[in-house]
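Each chain, written out:
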Amino acid sequence: MLTFFNEHHAQHAPRVDTAGGARIDVVANEFARRGLGRIVTPHGVPLTSLERTHTPRYLHFLRGAWSEWLALDARNAERDPLPSAWPLAGMRRDVEPDSFAGRLGLYACDAATPLTAGTWTAAKTGAACAINAAHALRLGERATFALTHPAGHHAGADYFGGGCFLNNAALAAQHLLDDGLQRVAILDIDYHHGHGTQDIFYRRRDVLFASIHADPRSDYPFYAGHADETGADAGVGFNLNVPLPRGVNAAQWFAALETACIKLAGFSPQALVVSLGAAGIDGDPRAHFDLAGGDFLRIGERIGFLGVPTVFVFEGGAVVPERGINVVNVLEGFETAA
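Residues numbered from 1 in each chain as written. Predicted model: local features only at pLDDT ≥ 70, side-chain atom pairs only at ≥ 80, totals over all residues. Heavy atoms only, no water.

Visitor: Now, about the pairing of strand S6 (residues 239-244): what can you tell me, with residues and values included?
Guide: S6 sits mainly inside the fold: five of its six residues count as buried. Alignment of strand S5 (residues 207-214) against S6, held across six bridges, turns out to be parallel. The partner of Ala214 across the bridge, within S6, is Leu244. (Buried < 20%, exposed > 50% of the residue type's maximum accessible area, 1.4 Å probe, protein only. Helix = DSSP H or I, 4+ residues; strand = E, 2+ residues; numbered from the N terminus. Pairing = 2+ DSSP bridges.)

Visitor: How would you summarise unusual backbone geometry if you had to cite specific residues and measurements?
Guide: A cis amide bond links His149 to the next residue, Pro150, at an omega of 5°. Mapped onto the elements, Pro150 comes out in the loop between strand S3 (143-147) and helix H6 (168-178). With an omega of 15°, the peptide bond running from Tyr220 to Pro221 counts as cis. In this fold, Pro221 is placed in the loop between S5 and S6. Phi angles above zero are rare outside glycine, and Asp233 is one such case at about 55°. Mapped onto the elements, Asp233 comes out in the loop between S5 and S6.

Visitor: Quick one: what's the story with the nonpolar core, residue by residue and with numbers?
Guide: With 49 residues, the main nonpolar core has Phe145, Leu187, Trp253 and Phe312 as its most contacted residues. Top element by residues in this core is helix H8 (residues 250-267). It accounts for nine residues. In terms of nonpolar packing, the next biggest core, distinct from the first, is built from 26 residues, Ala172, Ile186, Phe209 and Val311 among them. (Core = buried A, V, L, I, M, F, W, Y, C linked by side-chain atoms within 4.5 Å.)

Note that all results are geometric; they support no functional claim without further evidence.
Set out below in structure tokens:
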């Protein structure tokens, strides 16, 4: 399996999340230890590739946010900016405030995702990993892996949050469509719902989004991911959410996976993008599904049995010893299903 590694991931280094980049290091080390394939760095991608998924004004803000933050006060070099106000339902989002604080709140969906001096470089390189991984499928690879930080599936077309700035899975799917495919599916098996990915494709029928995740009544993102969210307009029926309560066992989780796989098979995608966050593992304080190491091999096998060219995109999670093992178990399981 060909892996595209974000060599600039450590440049996104929030002061409130000092171990963030270590997430991909533990995965990269385990991948290399097992010898699953080559690890390469991506070719850069133009801004126009990002504009196929994200709005130009949002990208413009992300690129210049740190410089604007420093221009307000030189002492801000020692602080990460966080929003203090947001537009609620009924408020104006179409008019971009002149105030940096106003724009920060306009483009943020939570107050737990700080920008840093290197956020744009890290996020853009991660997007390049995903787009390169998607393009490699078109060049004949059966499966590829975008190993990057920060994660992406909580980022929408014009907002960041949940530790995500650019939606890597959505960018990969859009590239596959732009490169000639008509039907692409996204399977999100991160513990938390990928509301940004859902939002981007919710009104479209060329991308099927299927997600297995923690019930939003108890877990982030709280306001999206319910089972009755099935798409809108042309996208009705092309969005599948399977929310699960905390503490579900492997049998219950695999029943949900089977539901998603049946939906995917009925869609007959020409390519698949998997948002891979290792679902829920022992020792992760933010994931509460009862899955063990061998279960992740089975997850990879079931995805492999779909027989579809597949891009795996790493979404993150807490830094625990099992993270690298279980993520790579999914990849190895997929390879054994060839």
